[in-house]
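Below are the chains, spelled out letter by letter.
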Amino acid sequence: MDALKQNKVIRLKGSLISKAYNEIIHIEDQDDEFHINSFETDPRNRNEVMQYIEAFIGMENLSDTVSLK
């Protein structure tokens, strides 16, 4: 991942925290290429959070970098 995409992913994580969707993002390295970022949110916010992340991915052209599971 290039520096620009890294910056965008960091902005996404920061915005999730600043919007109070979660308190912390857990980062786990799957291997040298893949890094898993996970977090928990209030179930009442789940749809809103998913829509926010999907919109961010689209606006920032991160569909080849970020995915939701």
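Everything below is about the structure printed above this text.
Residues numbered from 1 in each chain as written. Predicted model: local features only at pLDDT ≥ 70, side-chain atom pairs only at ≥ 80, totals over all residues. Heavy atoms only, no water.

J.: Got a sec to walk through the packing of aromatic side chains? Specific residues and values, please.
T.: Per the stated rule, a full pass over the model turns up 2 aromatic pairs. Considering the side-chain rings of Tyr21 and Tyr52, the 6.0 Å spacing of their centres and the 55° angle between planes classify their relative orientation as tilted. One end of the pair, Tyr21, is in the loop between helix 1 (3-18) and strand 1 (26-29); the other, Tyr52, is in helix 2 (residues 46-59), with 31 residues separating them in the sequence. The interplanar angle of 40° and the centroid separation of 6.4 Å between the aromatic rings of Tyr52 and Phe56 together place this pair among those described as tilted. (Phe/Tyr/Trp six-rings, centres within 6.5 Å; stacked < 30°, edge-to-face > 60°. Helix = DSSP H or I, 4+ residues; strand = E, 2+ residues; numbered from the N terminus.)

J.: Please set out unusual backbone geometry residue by residue, giving values where relevant.
T.: Among all residues except glycine, the phi angle is most often negative; among peptide bonds, the trans geometry is most common. At Ala20, a residue that is not glycine, the phi angle is positive and equals roughly 65°. Classification of Ala20 as exposed rests on a relative accessible area of 59%. Phi at Asn61 is positive, roughly 55°, even though this residue is not glycine. Residue classification places Asn61 among the exposed residues on the basis of a relative accessible area of 57%. (Buried < 20%, exposed > 50% of the residue type's maximum accessible area, 1.4 Å probe, protein only.)

J.: So what about the pattern of salt bridges? Which residues, and what values?
T.: Taken as a whole, this structure holds 4 salt bridges when the rule is applied. In this structure, the salt-bridge partner of Lys8 is Glu60, at a minimum N-O distance of 3.7 Å. Linking Lys8 in helix 1 with Glu60 in the segment after helix 2, this pair joins segments that are 52 residues apart in sequence. Glu60 shares its class with Lys8; the two are buried. Between Glu60 and Arg11 there is a salt bridge whose closest N-O contact spans 2.8 Å. With Glu60 in the segment after helix 2 and Arg11 in helix 1, this pair connects stretches of sequence that are 49 residues apart. Here Glu60 falls in the buried class, since its relative accessible area comes to 16%. In this structure, a network of salt bridges that share partners links the residues Lys8, Arg11 and Glu60. (Salt bridge = Lys/Arg side-chain N within 4 Å of Asp/Glu carboxyl O.)

J.: Before we move on, could you go through helix 2 and cite the residues and values that matter?
T.: Taking 1.5 Å of rise per residue, the 14 residues of helix 2 would be expected to cover 20 Å, and the 20 Å separating its terminal C-alpha atoms lies within 8% of that figure. Val49, Ile53, Phe56 and Ile57 are the residues of helix 2 that are buried. Each buried residue of helix 2 lies within a common arc of 100° when the element is viewed along its axis, so the set occupies one face. Turned more than 90 degrees from where helix 2 packs its buried face, Asn47, Gln51 and Met59 sit exposed. Against the buried residues of helix 2 lie helix 1. One or two steps after helix 2, the chain reaches Asn61, where phi turns positive at roughly 55°. (Expected span 1.5 Å × (residues − 1). Arc of directions from axis to C-beta. Contact = heavy atoms within 4.5 Å.)

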